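# Geometric and topological summary
Here is how the chains run, residue by residue.
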Amino acid sequence: MAEIRSVGVIGAGQMGSGIAQVVALAGMKVRLYDLGSEQTEAGLARIRKGLDRQLASEKIGAGQRDAALGLIETSSDYASLGDLDLVIEAATESEEIKRKIFREVCPHLAKHAILASNTSSISITRLASASDRPERFMGIHFMNPVPVMKLVELVRGIATGEETFEASRVFVDKLGKTTTVSEDFPAFIVNRILLPMINEAIYTLYEGVGSVTSIDTAMKLGANHPMGPLQLADFIGLDTCLSIMQVLHDGLSDSKYRPCPLLVKYVEAGWLGRKVGRGFYDYSGEEPVPTR
């Protein structure tokens, strides 16, 4: 089994930059890819901020921060990923976009390279079919925010080889994360359980059972959740929440996974949560204010 020593990350957004950060801190070379320098520079800035936050809380030392930054390169050319051992796609949660990425990047990858997706819900078997290496294709699903969350879901497609799985498991262990193994079913384990809860909280708001404040307070203090489900939905991104619920509804054909109409309405309005400044809360002031 070949050791993973170098990693490419496709997508320099919140998830991709977080993955790059933890990989570099583990001492592996990272190449962070996105469509242009504006996106990669924003990703690097996010990584620097994250490392500085860890330094300030004394989770890492100045030497570790500087060493990690020295291991990260950026690129807007798929050809630059050709000498790497593992390439992880961390693009938006759209099967069409992900399949397009795999078709375009595969001709540039080394024959031994493992290709992985950070998808939170989409079939690994289907995504692997868009690549030239289904036996070396894995689901490696990091939780958000990546530097903080300890869990990584490993998901094998129907064609994934045992060596690919073992190499991926060893890689995650080197990051100091804990793995859980999920079968290739819609939304895997965490989101199969979490997103229907969030969707039900949105139905509770939609049906007038409680306000945003009362629903979130009830779950924080009544179920000891660190944040309320509507606050968490805003943090995840309402477009991502809707996408995962649609995957569950389409993939399992069960009406209990029907996305709440209010969630659909918010996404159609562009109220996607914290990343745009408005969702179930308005983030334009010093403190978030409920929008309903």
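Predicted model only: the values in this text are computed from it and were never measured.

## Description of the pattern of salt bridges
Under the definition given, this model contains 19 salt bridges. Among the ionic pairs, Asp52 bridges to Arg65, the shortest N-O distance being 3.2 Å. Taken together, the residues Asp52 in helix H2 (residues 37-56) and Arg65 in helix H3 (residues 62-70) connect sequence positions 13 residues apart. Among the residues examined, Asp52 registers a relative accessible area of 37% and is labelled partly exposed. A salt bridge links Glu95 to Arg99, with the nearest nitrogen and oxygen atoms 3.8 Å apart.

## Details of the sheet that holds strand E2 (residues 29-33)
On the basis of which strands lie adjacent, the open sheet formed by eight strands has the order E3-E2-E1-E4-E5-E6-E7-E8 and mixed pairing. The open sheet terminates on both sides in strands that have one partner only, identified here as strand E3 (72-75) and strand E8 (178-182). Ignoring which end each strand starts from, the neighbouring axes of this sheet average 25° apart. Relative to strand E5 (residues 114-117), strand E4 (residues 86-89) is paired through four bridges, and the arrangement is parallel. From the neighbouring strand, Leu86 faces E5, where its bridge partner is Ile114. In this fold helix H1 (residues 14-25) packs onto strand E1 (6-10), E2, E3, E4 and strand E6 (137-142), with an angle of close to 170° to the strand it touches most, E2.

## Here we look at the layout of surface pockets
When its volume is computed, the second largest pocket comes out at roughly 170 Å³. Along the wall of the second largest pocket there are 11 residues; nearest its centre are Ala2, His112, Ile114, Glu163 and Ala167. Its residues assigned to classes, the lining of the second largest pocket comprises five nonpolar, two polar and four charged.

## Concerning the packing of helix H9 (residues 229-236) against helix H10 (residues 238-252)
Closest axis-to-axis distance for the H9/H10 pair is 6 Å, and the angle between their directions is 100°. If you check the angle between H9 and H10, you find them roughly perpendicular. Two secondary-structure elements touch here, H9 through Ala233, Asp234 and Ile236 and H10 through Leu238, Thr240 and Cys241.

## A closer look at the pairing of E6
When you tally the buried positions in E6, you get six out of six residues, the bulk of the element. In E6, alternate side chains face the same way, and those of Phe137, Gly139 and His141 on one face and Met138, Ile140 and Phe142 on the other are all buried. Pairing of E6 with strand E7 (residues 151-156), which is carried by five bridges, proceeds in the antiparallel orientation. When the sheet's bridge partners are listed, His141 is paired in E7 with Glu153.

## Structural notes on the UniProt feature "binding site: NAD(+)" (unreviewed entry) in the chain
UniProt tags Gly11, Ala12, Gly13, Gln14, Met15, Gly16, Asp34, Glu93, Lys98, Ser120, Asn144 and Lys275 as "binding site: NAD(+)" (unreviewed entry). Exposure remark for Gly11: the relative accessible area of 10% places this residue in the buried category. Discounting chain neighbours no more than four positions away, the residues touching Gly11 are Gly16, Ser17, Leu32, Tyr33, Asp34 and Ala90. For Lys98, the position within the fold is in helix H4 (residues 95-105). Judged by its relative accessible area of 1%, Lys98 falls in the buried class. Apart from the residues lying within four places of it in its own chain, the contact partners of Lys98 are Glu89, Ala91, Thr92, Glu93, Ser117, Thr119, Ile122 and Leu127.

## Re H4
Buried within H4 are the following residues: Lys98, Ile101, Phe102 and Val105. Projected onto a plane normal to the axis of H4, the buried residues spread over an arc of 95° and lie on a single side. Contacts from the buried residues of H4 go to E1, E4, E5, helix H5 (124-128) and E6.

Each value, and the rule that gives it
Residues numbered from 1 in each chain as written. Predicted model: local features only at pLDDT ≥ 70, side-chain atom pairs only at ≥ 80, totals over all residues. Heavy atoms only, no water. Salt bridge = Lys/Arg side-chain N within 4 Å of Asp/Glu carboxyl O. Helix = DSSP H or I, 4+ residues; strand = E, 2+ residues; numbered from the N terminus. Buried < 20%, exposed > 50% of the residue type's maximum accessible area, 1.4 Å probe, protein only. Pairing = 2+ DSSP bridges. Axes fitted to C-alpha atoms, helices over the stretch in contact; angles between N-to-C directions. Contact = heavy atoms within 4.5 Å. 1 Å grid on protein atoms, 1.4 Å probe; cavity = no way out; pocket = protein on both sides within 12 Å on 5 of 7 lines; lining within 4 Å. Points joined across faces, edges and corners; volume = space filled by probe spheres on them. Nonpolar A, V, L, I, M, F, W, Y, C, P; charged D, E, K, R; others polar. Parallel < 35°, antiparallel > 145°, perpendicular 65-115°, else oblique. UniProt positions renumbered as here; feature names shortened; annotations may be inferred. Arc of directions from axis to C-beta.

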